[in-house]
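# A look at the structure
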2 protein chains.
Amino acid sequence: MKTDSGTVDVGRFDFECGEEIPNLRVAYESYGEFDGDNAVLVCHALTGSQNVAGYGSETTGQARAWWNDIVGPGKAVDTNDYFVVCANVPGSCYGTSGPPSEGPDGDPYGTDFPPVTVGDWTRSQRLLLDELGVGRLHAVVGGSVGGMNALDWAKRYPDDVRRVAAVATAPRLDPQCLALDAIARRAITTDPDWNGGDYYESGEADGDADGAPGPKNGLALARQLGHVMYLSKSSMEQKFGRRAAGRDATRDAFPADPAASFFPYRDVESYLDYQAEKFVGRFDANSYLYLTRAMDDYDLSEGYEDDTRAVAAYEGETLLMSFTGDWHFTTEQSEALAESFRDADVPVAHHVVESDHGHDAFLVEPEKVGPPLRDFLDTGVEGRAIHDTDDDEEIDDGSQFAPVHNSLFSG
Amino acid sequence: MKTDSGTVDVGRFDFECGEEIPNLRVAYESYGEFDGDNAVLVCHALTGSQNVAGYGSETTGQARAWWNDIVGPGKAVDTNDYFVVCANVPGSCYGTSGPPSEGPDGDPYGTDFPPVTVGDWTRSQRLLLDELGVGRLHAVVGGSVGGMNALDWAKRYPDDVRRVAAVATAPRLDPQCLALDAIARRAITTDPDWNGGDYYESGEADGDADGAPGPKNGLALARQLGHVMYLSKSSMEQKFGRRAAGRDATRDAFPADPAASFFPYRDVESYLDYQAEKFVGRFDANSYLYLTRAMDDYDLSEGYEDDTRAVAAYEGETLLMSFTGDWHFTTEQSEALAESFRDADVPVAHHVVESDHGHDAFLVEPEKVGPPLRDFLDTGVEGRAIHDTDDDEEIDDGSQFAPVHNSLFSG
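Residues numbered from 1 in each chain as written. Chains lettered and ligands numbered in written order. Predicted model: local features only at pLDDT ≥ 70, side-chain atom pairs only at ≥ 80, totals over all residues. Heavy atoms only, no water.

### Points about the overall build of chain A
From N to C terminus, chain A includes 13 helices and 12 strands. Computed over its C-alpha atoms, the radius of gyration of chain A comes to 21 Å, within 12% of the 22 Å expected for a compact globule of 411 residues. Along the three orthogonal principal directions, the C-alpha set of chain A runs to about 60 × 50 × 45 Å. Counting across all 411 residues of chain A, residues that qualify as buried make up 64%. (Helix = DSSP H or I, 4+ residues; strand = E, 2+ residues; numbered from the N terminus. Rg over C-alpha atoms; globule rule 2.2 N^0.38 Å. Buried < 20%, exposed > 50% of the residue type's maximum accessible area, 1.4 Å probe, protein only.)

Given below as structure tokens:
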């Protein structure tokens, strides 16, 4: 497979907030060969990177090869057929301009970097694709906030894309998720090591050897909250139960009260502490603030009366995929969005995956995600492996996904 | 109504952890008159106090008059008929011995206070009641972790109580709640102002005028997480939506990045910030660590093979009450517990309340909680307003609360 990775300087960039920077650098990777009509843009999730399929970059965790089971030669997004492009979004920390990157004065921007929006991400991708010689896209595919990014393409550049696949996403976050994201940001900015966002020089100065200066405690908390949002009650029950962690797992990630030692260090705590430690080594705290704000702010209907009107000009087809165990981006939200596309007479299929895996399902259940996605890219909403909620022969009272409509959360 | 409030020194207290203190002081309130056979013990929730019905103490927030709609003259727990006692639990901060109270050396215990368990709470209540001349209880009533406390009475003192009402509770927490509690504790102990638990003198020293020294930022985060756990997705949607906060609400509770000002300060953030501010003024951070550990550690089956055997010796009747929108303590958990009581041939009723209010429902929906509780105290599980899940004529496949069994969370 031909792969390419690099950066493109797209020049002065005007952000939606009204601010600008003299040069926006966009880091990207591509897989496969462009034949003029086969480009697929993949949009990464919150803390993801351009490294979709494991070639090239050195990043780790979710940032590395995050959809390797879905994208590659012979896989659902087949790089033998498609030219796949993924770009790191503005505000992130994997090579595209963001708070940790160097500003015009030679210092890291920090919180002088302009606030970013999902719309800025979409516009930066359009500029990158222009540089790469890609005009109209065959498809845009994205999961989680990357799914919002994909939806934004249908709204912002309705003639530029033939097929949009928005996986485990929603037209906007609900207030429960907004609350948890706000708590996560508060954890970062109340960590004294955040220092108003100016911490890039402190790592070496304060003796940190791991190259990750800044508000580690706050960022760890933010990540742990994220992890709970990505799992479901039942997946946590299966994965951890109330078990104590193994003998060599020790509670040493952070200070604890002496009383703690009377109680078991549980598997679930150990898992979260381990995940947090990995994360603070790979992600920038200011980027976390910026990207969660962009996600929280996104509202597909912005500038329009409603979601239906926001997508009415879109000329292509849409696949929405949701997961029954996902409480971050719910099946209910996807179904409401599907109704908006239907009302706008945009061909749409809403494929509901039964899964206990919570929001993470879109990453960890490739055998369920792959077939409908492959068929959608190849043949559109009529693809054989796609089961649209609207195809159900039952009376359409929502009963086909009653578990979600009547969930604990939706009341 | 005759009311009384005070403290009782019960002397040396041996904690379940094996440690002891020379004197345990228990702060309590009582309402109504004792006739030898009409005592009802009420167990408070995590951050609650002995001030159930609003008389006497000066505490605020959930700590003050927290069940005033349920307990009082002519109310569901009628203080004209019953002698109601509520005691602050060991480890808390409303007058019963705990980390902030004075140890033998004249200084606050801080984290030298022994780790506490729900079993210690039950045993301290038994000692208090002995002092008050109360032998056998007519009933023990408790909500949330207070419900665990009530269940512990049935297990620990099976002959001492005629009726146990355990509201919005569970025999043990699930790993999702354990995770969120662990994150909350980490927020407290990684706040530098926690200082290993030794912060009681710092308030005045650092110029704080509000009398609440210690890790305010960490405790605020912990409380905000708690609040999200007490609400449901749908109650948050109704209460806040994605609305911006009113004009006079300002984002000044804590530092934020400049980028924040481009985005709205939302109602849901403003609410959480306000709640957190109130809470840090009334609750002790070490107590929060201690009490959440006790809750996380509680397991009704501990020392027995299962829940059924744990309650088999109990001679009284049990009312379990759960709420369909509660994801902290679920209807599903209550139903499994009801099965355990049924298997042990203990008379039990499980009354499910349809509610969007999440876990908070047991506090904020007195019109739904009161009638079954009143009838249970007066006439037991056959009370007219009590609807037992086992009475349903449908085949007992769980379908009467399918919304919870098949929820997003239980998957």
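### Focus: the nonpolar core
Residues Leu137, Tyr288 and Phe341 of chain A together with Leu137, Tyr288 and Phe341 of chain B are the most contacted members of the largest nonpolar core, which totals 184 residues. When near neighbours in sequence (up to four residues on either side) are disregarded, tyrosine 288 of chain B contacts Leu46, Thr47, Ala184, Ile188, Leu219, Ala222, Tyr230, Phe279 and Phe283 of chain B. (Core = buried A, V, L, I, M, F, W, Y, C linked by side-chain atoms within 4.5 Å. Contact = heavy atoms within 4.5 Å.)

### Side note on the sheet that holds strand E11 (residues 317-323) of chain A
Residues and elements named next belong to chain A. The eight strands lie next to each other as E1-E4-E8-E5-E9-E10-E11-E12, forming an open sheet whose pairing is mixed. Looking along the sheet, the strands with just one partner apiece sit at the ends: strand E1 (3-9) and strand E12 (348-353). This sheet shows a mean twist of 20° between the axes of neighbouring strands, independent of strand direction. As paired strands, E1 and strand E4 (residues 25-31) are joined by seven bridges and run antiparallel to one another. Opposite aspartate 9, over in E4, you have arginine 25 as the bridge partner. In the packing of helix H1 (residues 118-132) onto the sheet, the strands contacted are E1, E4, strand E5 (39-43), strand E8 (83-87) and strand E9 (137-143), and the crossing angle to E8 comes to about 135°. (Pairing = 2+ DSSP bridges. Axes fitted to C-alpha atoms, helices over the stretch in contact; angles between N-to-C directions.)

### Regarding the packing of aromatic side chains
This model, assessed by the stated rule, comprises 31 aromatic pairs over all chains. Between phenylalanine 262 of chain A and phenylalanine 263 of chain A, the ring centres sit 4.9 Å apart and the planes meet at 75°, which makes this aromatic pair edge-to-face. Note on phenylalanine 262 of chain A: relative accessible area 35%, which makes it partly exposed. Pairing tryptophan 67 of chain B with phenylalanine 362 of chain B gives two aromatic rings, centres 6.3 Å apart and planes at 70°, and the pair type is edge-to-face. With tryptophan 67 of chain B in the loop between strand E5 (39-43) and strand E6 (71-72) and phenylalanine 362 of chain B in helix H11 (residues 361-364), this pair connects stretches of sequence that are 295 residues apart. Here tryptophan 67 of chain B falls in the buried class, since its relative accessible area comes to 1%. Members of the aromatic cluster, joined through ring pairs, are Phe13, Phe15, Tyr109, Phe113 and Tyr290 of chain A. The positively charged end of arginine 223 of chain A is found above the aromatic ring belonging to phenylalanine 279 of chain A, 4.2 Å away from the centroid. (Phe/Tyr/Trp six-rings, centres within 6.5 Å; stacked < 30°, edge-to-face > 60°. Lys NZ or Arg CZ within 6 Å of the ring centre and 35° of its normal.)

### Digging into the UniProt feature "active site" (unreviewed entry) in chain A
All names here are of chain A. Feature annotation in UniProt assigns "active site" (unreviewed entry) to the following positions: Ser144, Asp326 and His359. For the residues just named, distributed over 216 residues, the greatest C-alpha separation is only 10.6 Å, placing them together at one site. Within the secondary structure, serine 144 sits in the loop between E9 and helix H2 (145-156). The class of serine 144 is buried, set by a relative accessible area of 5%. Sequence-distant contacts of serine 144, defined by excluding residues within four places in its chain, comprise Ala45, Val167, Ala168, Thr169, Phe329, His359 and Phe362. As for its position among the elements, aspartate 326 is in the loop between E11 and helix H10 (331-343). Overall, aspartate 326 belongs to the buried group, its relative accessible area being 0%. A distance of 2.9 Å separates a polar atom in the side chain of aspartate 326 from the backbone nitrogen of histidine 328. (UniProt positions renumbered as here; feature names shortened; annotations may be inferred. Polar contact = N/O pair within 3.5 Å; in protein donor to acceptor, adjacent residues only side chain to side chain.)

### Some thoughts on the relation of the copies chain A and chain B
Between chain A and chain B, which share one sequence, the superposing operator has a rotation angle of 180° and an axial displacement of 0.0 Å; the RMSD is 0.0 Å. Seen this way, the second copy is the image of the first under a two-fold rotation axis. When you check the interface residues of chain A against chain B, 100% turn up at the interface there too, and the contact is symmetric in its surfaces. (Least-squares fit on C-alpha atoms with pLDDT ≥ 70 in both.)

### Here's the deal with the interface of chain A and chain B
Of the residues lining the interface, 77 residues belong to chain A; the matching set on chain B comes to 77 residues. Carbon and sulfur atoms make up 67% of the area that chain A and chain B hide from each other, which totals about 6500 Å². Taking the shortest distance from any N to any O, the salt bridge between lysine 233 of chain B and aspartate 174 of chain A comes out at 2.7 Å. Scanning the region where chain A abuts chain B turns up 18 residue pairs in polar contact (both at pLDDT 80 or more). Mapped by element, the contributors of at least two residues to the side of chain A that touches chain B are helix H3 (175-189), helix H5 (216-230), helix H6 (233-239), helix H7 (267-280), helix H8 (285-297) and helix H13 (402-405) of chain A. Looking at the side of chain A that touches chain B element by element, the count peaks at 12 residues for H3 of chain A. Taken together, the residues of the side of chain A that touches chain B sort by class into 41 nonpolar, 17 polar and 19 charged. (Buried area = accessible area lost by both parts, 1.4 Å probe. Salt bridge = Lys/Arg side-chain N within 4 Å of Asp/Glu carboxyl O. Nonpolar A, V, L, I, M, F, W, Y, C, P; charged D, E, K, R; others polar.)

### Side note on the domain arrangement of chain A
Residue and element names in this part refer to chain A. We note that the domain assignment places domain 1 (3-172 + 300-405) and domain 2 (176-293) within chain A. Put simply, the middle of domain 1 and the middle of domain 2, counted by C-alpha atoms, are 27 Å apart. Between domain 1 and domain 2, the residue contacts involve 31 residues of the former and 27 residues of the latter. Carbon and sulfur atoms make up 61% of the area that domain 1 and domain 2 hide from each other, which totals about 2400 Å². (Domains from an automatic or database assignment.)

### Considerations on the packing of H5 of chain A against H7 of chain A
Axis angle and axis distance: for two packed helices, these are the angle between their axes and the distance between the axes, and together they describe the pair. All names here are of chain A. At a minimum axis distance of 8 Å, the contact between H5 and H7 shows a crossing angle of 125°. Taken together, the axes of H5 and H7 are oblique relative to one another. Crossing of H5 against H7: the hand is right-handed. For the pair H5 and H7, contact is made by Lys216, Leu219, Ala220, Arg223, Gln224, His227 and Val228 and by Tyr271, Leu272, Asp273, Gln275, Ala276, Phe279 and Val280, respectively. (Parallel < 35°, antiparallel > 145°, perpendicular 65-115°, else oblique. Left-handed = near helix turned anticlockwise from the far one by under 90°.)

### Some remarks on the environment of glycine 246 of chain B
Residues and elements named next belong to chain B. Turning to its location among the elements, glycine 246 is positioned in the loop between helix H6 (233-239) and helix H7 (267-280). Using a relative accessible area of 41% as the deciding quantity, one classes glycine 246 as partly exposed. On a C-alpha basis, the gap between glycine 246 and phenylalanine 323 in space is 31 Å, while along the polypeptide they are 77 residues apart.

### Focus: the pattern of salt bridges
Tallying each qualifying case throughout the model produces 46 salt bridges over all chains. When the shortest N-O distance is used, the salt bridge between aspartate 306 of chain B and arginine 309 of chain B registers 2.8 Å. Of the residues examined, aspartate 306 of chain B reaches a relative accessible area of 27% and is grouped as partly exposed. For arginine 309 of chain B, a relative accessible area of 43% gives the class partly exposed. Taken together, the shared-partner salt bridges in this structure form one network comprising Glu335, Glu339, Arg342, Asp388 and Asp390 of chain A.

### So, unusual backbone geometry
Residues and elements named next belong to chain A. One non-glycine residue, serine 144, lies in the positive phi region at around 65°. In this model, asparagine 195 sits at a positive phi of 55°, which is unusual for a non-glycine residue. Locating asparagine 195 in the fold gives a position in the loop between H3 and helix H4 (202-205).

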